[in-house]
Amino acid sequence: MKFTPSLLPNLIQLIANVLVQNTEEVAALDQAIGDGDHMVNLQRGINGLLAESAGIAQLDWAAAFKKIGMTLMTAMGGASGSLYGTLFIGMSKATKQSELTLPDFAEIFSEGVQAVKQRGKAAAGEKTMLDVLIPVAERLRKGALASMTLAEVISDITSAAIAGMESTRDMVATKGRASFLEERSRGHIDPGARTCQLIICVIVNELAAQLPT
Ligand code: ADP
Ligand code: MG
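Residues numbered from 1 in each chain as written. Chains lettered and ligands numbered in written order. Predicted model: local features only at pLDDT ≥ 70, side-chain atom pairs only at ≥ 80, totals over all residues. Heavy atoms only, no water.

As a packed pair, helix 7 (residues 130-145) and helix 9 (residues 191-210) sit with axes 8 Å apart at the nearest point and diverge in direction by 35°. Here Val132, Leu133 and Val136 of helix 7 lie close against helix 9, whose contacting residues are Ala193, Cys196, Gln197 and Ile200. Residue composition of the contact of helix 7 with helix 9, grouped by class: six nonpolar, one polar and no charged. (Axes fitted to C-alpha atoms, helices over the stretch in contact; angles between N-to-C directions. Helix = DSSP H or I, 4+ residues; strand = E, 2+ residues; numbered from the N terminus. Contact = heavy atoms within 4.5 Å. Nonpolar A, V, L, I, M, F, W, Y, C, P; charged D, E, K, R; others polar.)

This is how it looks when you write it as structure tokens:
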């Protein structure tokens, strides 16, 4: 199965909806261990993407990822704005294809996550969105290498994203604002990990729903 950027406007709208549905929960998470603005930042980003979405659907993948990254970089703000911007710009740089297969996407996503690690000077286990992004990138690559079906990979990614998000609860933050709290950051899910998991799950759920049965 191959994918083109024409699927992006629908995904952007679904992400906007899931963010609205989880606004209060995420605001509370960022109030607990950050400054409370994470959902506001994300909503600025998604509103920027909604405004651009018809144009994005007409681009090739490399240009679409770049446009998404630049839009998030300028519209969002916060640590998460530059990190999400970096994710998509990193993906854009790794994209040579006009239509993406699962193995292509697995490689491209891994490159984007690598760029986020460099930009944030962070690794797994630091209580950030990377505790979702890194395991998801690994499962994607493993699934593509093992020639798993798309349906199998999607279910694998969903559980990796949820487990990664949950794992941040018991971590002590060593990056970002939450790191100022040191030991007191333990016991709360990282807001950036939660929203990253929500976004990934809504994307893969929708792709699963579109698979031929
Ligand atoms: P800010 O921290 O500037 O208020 P947000 O509230 O929008 O920005 O985003 C906070 C989230 O960003 C955190 O929950 C965490 O997941 C993520 N984050 C912060 N710093 C880093 C970093 N260095 N590397 C990766 N992710 C980070
Ligand atoms: Mg914040």
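What follows covers the coordination of the magnesium ion (ligand 2). Only Asp30 (OD), Asp35 (OD) and Asp37 (OD) from the protein coordinate the magnesium ion (ligand 2), and they sit 2.0 to 2.5 Å from it. Mapped onto the polypeptide sequence, the residues donating to the magnesium ion (ligand 2) form the spacing pattern D-x4-D-x1-D. We classify aspartate 30 as buried; its relative accessible area is 7%. Take aspartate 37: its relative accessible area is 25%, and that puts it in the partly exposed class. (Donors = N, O, S within 2.8 Å, 3.2 Å for Na, K, Ca; no water. Buried < 20%, exposed > 50% of the residue type's maximum accessible area, 1.4 Å probe, protein only.)

Inspection of the region around ligand 1 gives 21 residues, with Asn41, Ala79, Ser80, Gly120 and Asp190 positioned closest. A distance of 3.0 Å separates an oxygen atom of ligand 1 from a polar side-chain atom of aspartate 37. Glycine 192 is positioned such that a nitrogen or oxygen atom in its backbone is 2.9 Å from an oxygen atom of ligand 1. Taken by itself ligand 1 offers 560 Å² of open surface, and the protein chains cover 92% of this. Of all the elements in the fold, those that place two or more residues in the shell around ligand 1 are helix 3 (38-56), helix 5 (78-93) and helix 9. (Near = heavy atom within 4 Å. Polar contact = N/O pair within 3.5 Å; in protein donor to acceptor, adjacent residues only side chain to side chain. Areas by Shrake-Rupley, 256 points an atom, 1.4 Å probe, with all protein chains shown as cover.)

Our focus in this paragraph is the pattern of salt bridges. Evaluation of the coordinates by the stated rule reveals eight salt bridges. Here glutamate 52 and lysine 67 are joined by a salt bridge, their closest N and O atoms 3.8 Å apart. Residue glutamate 52 is found in helix 3, and its partner lysine 67 is found in helix 4 (residues 61-75); the two are separated by 15 residues along the sequence. The residue arginine 169 makes a salt bridge to glutamate 166 at a minimum N-O spacing of 3.3 Å. Judged by its relative accessible area of 34%, arginine 169 falls in the partly exposed class. (Salt bridge = Lys/Arg side-chain N within 4 Å of Asp/Glu carboxyl O.)

A few words on the nonpolar core. Counting 62 residues, the largest nonpolar core has Tyr84, Leu87, Phe109 and Leu133 as its most contacted members. Per-element accounting of this core gives the leading share, nine residues, to helix 9. (Core = buried A, V, L, I, M, F, W, Y, C linked by side-chain atoms within 4.5 Å.)

For the rest of this paragraph, the subject is unusual backbone geometry. With a phi angle near 55°, serine 147 is a residue other than glycine that sits in the positive phi range. Examined against the element boundaries, serine 147 turns out to sit in the loop between helix 7 and helix 8 (150-167). Of the residues examined, serine 147 reaches a relative accessible area of 62% and is grouped as exposed. In this structure, glutamate 182 takes a positive phi of about 50° despite not being glycine. Position of glutamate 182 among the secondary structure elements: in the loop between helix 8 and helix 9. Among the residues examined, glutamate 182 registers a relative accessible area of 56% and is labelled exposed.

Right, let's talk about helix 7 for a bit. For helix 7, spanning 16 residues, the distance from its first C-alpha to its last is 22 Å, which sits close to the expected 22 Å at 1.5 Å a residue. Along helix 7, the residues that are buried comprise Leu130, Asp131, Val132, Leu133, Ile134, Val136, Ala137, Leu140, Gly143 and Ala144. Elements in contact with the buried residues of helix 7: helix 5, helix 6 (102-120), helix 8 and helix 9. Just downstream of helix 7 lies serine 147, where phi reads positive at about 55°. (Expected span 1.5 Å × (residues − 1).)

Taking 1.5 Å per residue, 19 residues should reach 27 Å; helix 6 reaches 27 Å between its end C-alpha atoms and fits that length. Taken together, the buried positions of helix 6 are occupied by Leu102, Asp104, Ala106, Ile108, Phe109, Ser110, Gly112, Val113, Ala115 and Val116. Residues of helix 6 that are buried sit in contact with helix 4, helix 5, helix 7 and helix 8. Directly after helix 6, the chain includes lysine 121, whose backbone phi takes a positive value near 45°.

It is worth spelling out the packing of aromatic side chains at this point. By convention here, two paired aromatic rings are described through the distance between centres and the angle between planes. Applying the stated rule across the entire model yields three aromatic pairs. Considering the side-chain rings of phenylalanine 65 and phenylalanine 88, the 6.4 Å spacing of their centres and the 40° angle between planes classify their relative orientation as tilted. Residue phenylalanine 65 is located in helix 4, and its partner phenylalanine 88 is located in helix 5; the two are separated by 23 residues in the primary sequence. Assigned by exposure class, phenylalanine 65 and phenylalanine 88 land together as buried. Three or more aromatic residues joined by ring pairs make a cluster, and in this case those are Trp61, Phe65 and Phe88. (Phe/Tyr/Trp six-rings, centres within 6.5 Å; stacked < 30°, edge-to-face > 60°.)

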